[in-house]
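Summary of structural features
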Amino acid sequence: VALVPRGPWTWLCGSVSGRGRYVPSFVLDTTSGAFVRAGTFGWGTRPAFTSDGGRAAGVQPTNFEPHAPLTLSLVDLTEKPPRMTTHQLSLSGGWARAVVLSPDGTRLAVLQREAVTVLSLDPPRSIAALSLSPPDAVRQIHFAGGDRLRAYRRLGGAASTLPGEVEILGVGTVRMKDYT
């Protein structure tokens, strides 16, 4: 379950008995009962919402290979009825671990094992990327006002070679902070 910061929407997913790895997901209006089918996200990222609750996004691999192409699902919750669109992404950093939408819903940051990629969403296209060394060096990401993306280092394990701040093309400064 992923809840919207504002508004009546929530993103639900769960397994279906006897259906193997099939995990359907829905974006549900908790006041009216209206819903949008949103793919099978049991093995994708936890969905992200804009701060006003008007847009939702989730990313999942197209298959179980470590570097499988990714599918982006975008749900526009301001339309009546809400509309979902899907887009194939060609990102090279491995499975998506987390996604975060910018507050205005125009950009999506995708955290992968080997990279952080920022996409412009209208239409979806990569506008910036940061390779991670070592892999899994970043634990969490979020937009920190304006065009700033903040990333938090994973503590422990191999030492990260990431500097304290990284400039990413068109996005602004990525500030690396320790996160446990």
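This text follows the structure it describes.
Residues numbered from 1 in each chain as written. Predicted model: local features only at pLDDT ≥ 70, side-chain atom pairs only at ≥ 80, totals over all residues. Heavy atoms only, no water.

A short note on the packing of aromatic side chains
The geometry of two aromatic rings is summed up by the distance between their centres and the angle between their planes. We apply this condition: Here is the rule: rings of Phe, Tyr and Trp (six-membered ring for Trp) pair when centre to centre is within 6.5 Å. Planes less than 30 degrees apart are stacked, more than 60 are edge-to-face, and the remainder are tilted. Numbered from the N terminus, helices here are DSSP runs of H or I no shorter than four residues, and strands are runs of E no shorter than two. Exposure classes here rest on a 1.4 Å probe applied to the protein chains alone. A residue is buried below 20% of its type maximum, exposed above 50%, and partly exposed in between.
Under the counting rule described, the total for this entry stands at two aromatic pairs. Measuring from ring centre to ring centre gives 6.5 Å for tryptophan 11 and phenylalanine 49, while their planes differ by 75°; the resulting arrangement is edge-to-face. With tryptophan 11 in strand S2 (residues 9-13) and phenylalanine 49 in strand S5 (residues 48-49), this residue pair connects regions lying 38 residues apart in the sequence. With a relative accessible area of 11%, phenylalanine 49 lands in the buried category. Ring geometry for phenylalanine 26 and phenylalanine 35: centres 5.6 Å apart, planes at 80°, overall edge-to-face.

So, the pattern of salt bridges
Note the threshold: The term salt bridge refers to a pairing of a side-chain nitrogen on Lys or Arg with a carboxyl oxygen on Asp or Glu at a separation within 4 Å.
Tallying each qualifying case throughout the model produces three salt bridges. Taking the shortest distance from any N to any O, the salt bridge between arginine 83 and glutamate 79 comes out at 3.2 Å. On the accessibility criterion, arginine 83 (41% relative accessible area) is partly exposed. With a relative accessible area of 28%, glutamate 79 lands in the partly exposed category. A salt bridge links arginine 113 to glutamate 114, with the shortest nitrogen-to-oxygen separation between them at 3.7 Å. A residue is classified by how much of its surface remains accessible, and glutamate 114, at 26% relative accessible area, is partly exposed.

Side note on the sheet that holds strand S12 (residues 124-131)
In plain terms, the rule: Two strands make a pair as long as DSSP finds a minimum of two bridges between them. Under this scheme, a helix contributes an axis fitted over its contacting stretch, all axes are lines through C-alpha atoms, and angles between N-to-C directions fall in the 0 to 180 degree range.
Strand order in the open sheet made by the four strands is S9-S10-S11-S12, with antiparallel pairing throughout. Every interior strand has two partners, whereas the edge strands, strand S9 (96-101) and S12, have only one. Strand-to-strand twist across the sheet, computed as the mean angle between neighbouring axes with direction ignored, equals 20°. The sheet contact formed by strand S10 (residues 107-112) and strand S11 (residues 115-121) spans five bridges and is antiparallel. Within S11, the residue paired with valine 110 across the bridge is threonine 117.

Points about unusual backbone geometry
Backbone torsion omega between lysine 80 and proline 81 reads -5°, so that peptide bond is classified as cis. With respect to the helices, strands and loops of the structure, proline 81 is situated in the loop between strand S7 (70-76) and strand S8 (83-89). For the peptide bond that leads from aspartate 122 to proline 123, omega is -5°, which places it in the cis range. Inspection of the secondary structure puts proline 123 in the loop between S11 and S12.

Considering the environment of glycine 53
Assignment of secondary structure puts glycine 53 in the loop between S5 and strand S6 (55-61). A sequence separation of 44 residues divides glycine 53 from tryptophan 9, and the C-alpha atoms of the two residues are 7.3 Å apart.

Remember, this is a structural readout, not a statement about activity or role.
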